[in-house]
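Chain by chain, the residues run as shown.
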Amino acid sequence: MDSSRSLGIMVPARVYGGLEHNEWKESEMNATTVAVDLAKNVFELAVADEQWRVAERHRLTRAQFERWFNNREVRLVVMEACGSAHHWGRVLRARCIEVRLLPPQYVRAYVKRNKTDAADAAALLEAARAADIKPVAVKSVEQQALQALHRTRSGWMASRTGRINMLRGFCREFGLVVPEGAARGLAQMARYLADERSGLPGMLRGSMRLLLEEIRLMEARIQQLELDLVELAQQSPACQVLQSVPGIGLLTSTAMVAAVGDPKSFDSGRRYASFLGLTPREFSSGGHRYLGRISKRGDRYIRMLLTHGARSVLRAATVAHRAGRQVDRLRSWALEVQARTNHNKATCALANKLARIAWAVWTKHETYQPNHAVPQAPHA
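Because the structure is a prediction, the values reported are computed rather than measured.

**Comments concerning the packing of aromatic side chains**
Next, step 1: In the structure shown here, the tally under the stated rule is 10 aromatic pairs.
Next, step 2: Cluster of aromatic residues (ring-pair linked, three or more members): Phe43, Phe65, Trp68, Phe69 and Trp88.
Next, step 3: In this arrangement the basic side chain of lysine 353 is found over the ring face of tryptophan 333, its NZ or CZ atom lying 4.5 Å from the centre.

Encoded structure:
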């Protein structure tokens, strides 16, 4: 009896390689590589034989997909590194199946003609054979939970900023000036609401008070979430090592650990910086080589955190230089870059450098040791 029919799977009578599904050969039943095009409720499977030719195709529901592997000897499963791929990767690894997650942007090049679920699954098989496509590491439950905390905080921060700007706009409509800065602005708007002669209409004051209360509530939630991150970082040796690097604090270290479980999955620090989109885009042809702006590919969130950290380090180094204090070699290098280019380029260059240093200390499990202070060099 057909094993797929015994599991309640409806198999269409398609022809692959001159055989219908009810005429599968023993060699096709022993296929060990499966490409899976993931979706919310429907999963497209392409089963390949030893020559990487598609021998079977299945379109399964979520329940059928889990049961399909019960009676199959599968060695390798290839999927795109999408939202639910890490969950299914852990499920399949628990069955002692090798899982390979491929970057979607690289798989897209192997899709032939029109985009369909079947074409996407076949493209996964072709991309899996490319030796130059590095797979994405399967994230653990803890990593994904930590990423979810960061996304929650980012959402609350965006909502808080939007509500503050909304209140500023209301005040501006009635000729009331609100100073810059979130803390100063909220304090001034609260004083306007408390003053009956400020000019704010009575019908609007109730809604504005509710917005202020909502902002205070979000600030309390953000503070509590950051305390949870502090507790997690104290229990993580990787976070402690990363926080020894200048410009990397609580948010950046925990975000790095959440995004990358094993830093050794990158060959070098430059590979890691490229993953964060901090390496320059290259436009080269023949004997001409041109390096442009940073690529801005990869993880946008960590790149943003590293850039802010680099800007803080560069600002502190500038203040120390103007005060006549000595700085270490890293900060001296950043000041030299700033002197011959500009502040923004030096910030991106320093963020690139910090990413490479973070990879180095992370892989070696050693805290960052700054070089001895070097004499000040004159800056233009």
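Now, onward.
**Re helix α15 (residues 343–364)**
Next, step 1: The end-to-end C-alpha separation of α15 is 31 Å, in line with the 32 Å expected for 22 residues at 1.5 Å each.
Next, step 2: Looking at the residues trailing α15, positive phi occurs at histidine 365, about 60 degrees.

**Brief notes about the environment of alanine 123**
Next, step 1: Structurally, the position occupied by alanine 123 is in helix α6 (residues 117–128).
Next, step 2: Residue classification places alanine 123 among the buried positions, given a relative accessible area of 1%.
Next, step 3: Taking the C-alpha atoms as reference points, alanine 123 and tyrosine 106, separated by 17 residues in sequence, lie 9.9 Å from one another.
Next, step 4: Aside from chain neighbours lying at most four places away, what touches alanine 123 is Val107, Tyr110 and Val111.

**A word on the packing of helix α11 (residues 250–259) against helix α13 (residues 300–322)**
Next, step 1: The N-to-C vectors of α11 and α13 enclose an angle of 155 degrees; their axes lie 10 Å apart at closest approach. Considered as vectors, α11 and α13 are oriented roughly antiparallel to each other. Between α11 and α13 the crossing geometry is left-handed. Two secondary-structure elements touch here, α11 through Leu251, Thr252, Ala255, Met256 and Ala259 and α13 through Tyr301, Ile302, Leu305 and Leu306.
Next, step 2: Residues that form the contact of α11 with α13 fall into these classes: eight nonpolar, one polar and no charged.

**Let's talk about the layout of surface pockets**
Next, step 1: Each pocket or cavity is described by its volume, and for the second largest pocket that value is around 710 Å³.
Next, step 2: Surrounding the second largest pocket, 22 residues form its lining, Ile294, Asn344, Lys345, Cys348 and Ala349 being those nearest its centre.
Next, step 3: Elements represented by at least two residues in the lining of the second largest pocket include exactly β9 (288–294), α13, α14 (329–340) and α15.
Next, step 4: Residues of the lining of the second largest pocket, tallied by class, amount to seven nonpolar, six polar and nine charged.

**Some details on the sheet that holds strand β6 (residues 76–80)**
Next, step 1: Spatially, the five strands line up as an open sheet ordered β5-β4-β3-β6-β7, and their pairing is mixed. In the strand order of this sheet, the two ends are held by β5 (54–61) and β7 (98–102), each with one partner. Across the sheet, the mean angle from the axis of one strand to that of its neighbour is 20 degrees, orientation sign disregarded.
Next, step 2: Across seven bridges, strand β4 (residues 42–48) lies against β5 in antiparallel orientation. When the sheet's bridge partners are listed, leucine 45 is paired in β5 with histidine 58.

**What about the nonpolar core?**
Next, step 1: Ranked by size, the top nonpolar core spans 46 residues in total, and within it Leu242, Met256, Tyr272, Leu306, Leu350 and Trp362 carry the most contacts.
Next, step 2: Among the secondary structure elements, those contributing two or more residues to this core are α9 (202–234), α10 (237–242), α11, α12 (269–275), α13, α14 and α15.
Next, step 3: Top element by residues in this core is α15. It accounts for 10 residues.
Next, step 4: Discounting residues that sit within four places of it in the chain, tyrosine 272 has contacts with Met256, Val260, Phe266, Ala355, Trp359 and Trp362.
Next, step 5: Core analysis: the second largest hydrophobic core is formed by 20 residues, Leu45, Val74, Ile97 and Val138 among them.

**Some points on the side chain of threonine 254**
Next, step 1: Along the chain, the position of threonine 254 falls in helix α11.
Next, step 2: Among the polar contacts made by the side chain of threonine 254, one reaches the side chain of histidine 150 at a distance of 2.8 Å.
Next, step 3: Reaching out from threonine 254, the side chain makes a polar contact with the backbone oxygen of leucine 251 at a distance of 3.1 Å.
Next, step 4: When residues no more than four places from it in sequence are discounted, the contact partners of threonine 254 are Leu146, His150, Leu229, Ala233 and Cys239.

**Points about the confidence of the model for the protein**
Next, step 1: Of the residues in the protein, 89% reach a pLDDT of 70 or more, and the chain-wide mean stands at 87.
Next, step 2: Counting interchain partners and residues more than four positions distant, the pLDDT-below-50 stretch residues 1–30 has 45 contacts.
Next, step 3: Contacts from residues 372–380, a stretch scored under 50 in pLDDT, to residues over four places away or in other chains number 22 contacts.

Rules of the game
Residues numbered from 1 in each chain as written. Predicted model: local features only at pLDDT ≥ 70, side-chain atom pairs only at ≥ 80, totals over all residues. Heavy atoms only, no water. Phe/Tyr/Trp six-rings, centres within 6.5 Å; stacked < 30°, edge-to-face > 60°. Lys NZ or Arg CZ within 6 Å of the ring centre and 35° of its normal. Helix = DSSP H or I, 4+ residues; strand = E, 2+ residues; numbered from the N terminus. Expected span 1.5 Å × (residues − 1). Buried < 20%, exposed > 50% of the residue type's maximum accessible area, 1.4 Å probe, protein only. Contact = heavy atoms within 4.5 Å. Axes fitted to C-alpha atoms, helices over the stretch in contact; angles between N-to-C directions. Parallel < 35°, antiparallel > 145°, perpendicular 65-115°, else oblique. Left-handed = near helix turned anticlockwise from the far one by under 90°. Nonpolar A, V, L, I, M, F, W, Y, C, P; charged D, E, K, R; others polar. 1 Å grid on protein atoms, 1.4 Å probe; cavity = no way out; pocket = protein on both sides within 12 Å on 5 of 7 lines; lining within 4 Å. Points joined across faces, edges and corners; volume = space filled by probe spheres on them. Pairing = 2+ DSSP bridges. Core = buried A, V, L, I, M, F, W, Y, C linked by side-chain atoms within 4.5 Å. Polar contact = N/O pair within 3.5 Å; in protein donor to acceptor, adjacent residues only side chain to side chain. pLDDT = per-residue confidence, 0-100.

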